Amino acid sequence: MSFGFIRPMLLTQKQVLLENAPSTKLTPPGYLKFLLGNSTPNIVSSSISNENGHVRDVVIKYRQRVPTGKSVTSNDCSTEGNPMYKEATIPALSFRKYGFAISDDTISKYEDEASRTVNIGLPAPPNGIMMEFYNHLLEVANGLLGDINADLLATQAASFGINSTTGLNTAKTINFPLATTSNPLNQGLSLLMSDAMENEIRQGNMFVVGAGLINNVYLQKEFMLANTTDANWPASLPKFYFDPAATSILGANKFGVFEKNAVQLVNINKFKAGFAGNKLTTFKFQLQLPLIDSLGGTEVQLFTFDCQLRYIDCAVTEQIGGEVDSEGDPILTRLESGWRIDLSANYGQFNIAADAYASTDRLSGNNGSLLYLATNA
């Protein structure tokens, strides 16, 4: 019997909130964005895994420059050097994966759009994937990229080079003064840019990654607030990458300064050429996602995932997400027949070798990455 009531219209939060939908909002992975923004981010990766999907070890050879004090003042036919190559190996890679399954029965209860297929990936699955799966891949990206970014940043936290102005690889304190009437030449960004020159880093070749006070410095400069216009700070600043994970990983108000290409991202894809495509029980392919983080950055679109699509033809019982009950026993969930997708990544980073400069060189121990602590007094 009808009571004349209009049934509620079902709208998704993405339809209502657009790019502000919480499920697809991407936390800025600033350090990963910096690595992806390097001009040659694929040299190491493509050397490790070629276009045919074969993986090999890579060794990078290098020679130290000749430091001052090695030349002589007499023409005595002496030999001052015997140039020899050194070698550095690529560190072991990290791995991250997120898999999810949605049953056919569940999809059938949604609107028709959920089962509409979309073609993605390289090579693309022959029949594409259902829109419901594609939408959830975008939701998965925040957690997976956040974990990847945190792993890389943690690696970098233990890999900063020696700052030639201190002789240490620990954080150097830089104060950004409160006073707006002073002209501090030994503080703030004036000191930071001077440090860059001392470490032989060109301003146009320099990048900053962090959060906290250094982020606020850039905000002041962007909006030309009084403190910035009165202080003796550079007219143009190195590009800054905001990364909220820096606070917990590097430390409160600590930030990194990097020379372009001094740190190289390694992003290895195993599902290509003969190792990709239809494997009868599964389909393997590479995938880049059209992602924009909450600050509007698009660099993360360059990160390539491995993706595995498989069909569960019979119901299975699995532990989902490591869930356990109050007794510590695994909670098992029944998964009905339907599709399962695993999104994964093999990744790491490569820093300039610690002995890239001779022990008597003024830059001994420098690797193009410096750690700082910002204060505001």
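Let us look at the structure shown here. (Residues numbered from 1 in each chain as written. Predicted model: local features only at pLDDT ≥ 70, side-chain atom pairs only at ≥ 80, totals over all residues. Heavy atoms only, no water.)

1. A look at the overall build of the protein chain
The secondary structure content of the protein chain amounts to 9 helices and 17 strands. Buried residues in the protein chain amount to 41% of all 377 residues. When contacts within the protein chain are restricted to residue pairs at least 6 apart in sequence, long-range pairs at least 24 apart make up 76% of them. For the protein chain, the accessible surface area stands at approximately 20700 Å², while carbon and sulfur atoms represent 53% of it. (Helix = DSSP H or I, 4+ residues; strand = E, 2+ residues; numbered from the N terminus. Buried < 20%, exposed > 50% of the residue type's maximum accessible area, 1.4 Å probe, protein only. Contact = heavy atoms within 4.5 Å. Areas by Shrake-Rupley, 256 points an atom, 1.4 Å probe, with all protein chains shown as cover.)

2. Some words on the pattern of salt bridges
Summed over all chains, the structure comprises 17 salt bridges. Across the pair K33 and E299 runs a salt bridge whose closest N-O atoms are separated by 3.9 Å. Of this pair, K33 sits in helix 2 (residues 30–36) while E299 sits in the loop between strand 12 (282–287) and strand 13 (305–312), and the two are 266 residues apart along the sequence. Taken as a pair, K33 and E299 share a single burial class, namely buried. In this structure, R65 engages D361 in a salt bridge whose closest nitrogen and oxygen atoms are separated by 2.8 Å. Taken together, the residues span a long stretch of sequence, with R65 in the loop between strand 1 (59–62) and strand 2 (86–89) and D361 in the loop between strand 16 (338–351) and strand 17 (369–375) at a distance of 296 residues. You can call D361 buried: its relative accessible area is 6%. Connected through salt bridges with shared partners, the residues R65, E198, E200, D361 and R362 form a single ionic network. (Salt bridge = Lys/Arg side-chain N within 4 Å of Asp/Glu carboxyl O.)

3. A few points about the packing of aromatic side chains
Here the structure, examined in full by the defined rule, presents 13 aromatic pairs. For the ring pair Y218 and F240, a centre distance of 4.7 Å and an interplane angle of 20° mean the geometry is stacked. A residue pair is termed long-range when its members are at least 10 positions apart, and Y218 in helix 7 (residues 213–223) and F240 in strand 8 (residues 239–242) qualify at 22 residues. Taken individually, Y218 and F240 each receive the classification buried, so the pair is uniform in this respect. Here the aromatic residues Y31, F34, F160, F207, Y241 and F258 are joined through ring pairs into a cluster of three or more. Sitting over the face of the ring of Y85, K61 holds its NZ or CZ atom 4.2 Å from the ring centroid. Taking NZ or CZ as reference, R63 lies 4.4 Å from the ring centre of Y85, over its face. (Phe/Tyr/Trp six-rings, centres within 6.5 Å; stacked < 30°, edge-to-face > 60°. Lys NZ or Arg CZ within 6 Å of the ring centre and 35° of its normal.)

4. Some thoughts on the environment of D147
Here D147 is to be found in helix 5 (residues 131–157). Distance in space between the C-alpha atoms of D147 and R96 is 7.8 Å, their sequence separation being 51 residues.

5. Quick look at the sheet that holds strand 7 (residues 206–210)
Here we have 5 strands laid out as an open sheet, ordered 6-17-9-7-8, and mixed in their pairing. A single partner strand is all that each edge strand has here, and the edge strands are strand 6 (172–175) and strand 8. Each strand of the sheet is rotated relative to its neighbour by a mean of 30°, with strand direction disregarded. For strand 7 and strand 9 (residues 254–259), the ladder comprises 5 bridges, and the chain directions are antiparallel. Residue pairing across strands places M206 opposite E259, the latter belonging to strand 9. Lying on the sheet, helix 6 (residues 188–198) is in contact with strand 6, strand 7, strand 9 and strand 17; it crosses strand 6 at an angle near 140°. (Pairing = 2+ DSSP bridges. Axes fitted to C-alpha atoms, helices over the stretch in contact; angles between N-to-C directions.)

6. Structural notes on helix 6
Buried residues dominate helix 6, accounting for 8 of its 11 residues. All buried positions along helix 6 are accounted for by G188, L189, S190, L191, L192, M193, D195 and A196.

7. Focus: the environment of L152
Considering the arrangement of structural elements, one finds L152 in helix 5. Here L152 falls in the buried class, since its relative accessible area comes to 3%. Separated by 197 residues in sequence, L152 and Q349 have C-alpha atoms that sit 6.9 Å apart. Not counting the four nearest positions on each side in its chain, L152 is found in contact with Y31, L32, L35, L265, Y347, G348 and Q349.

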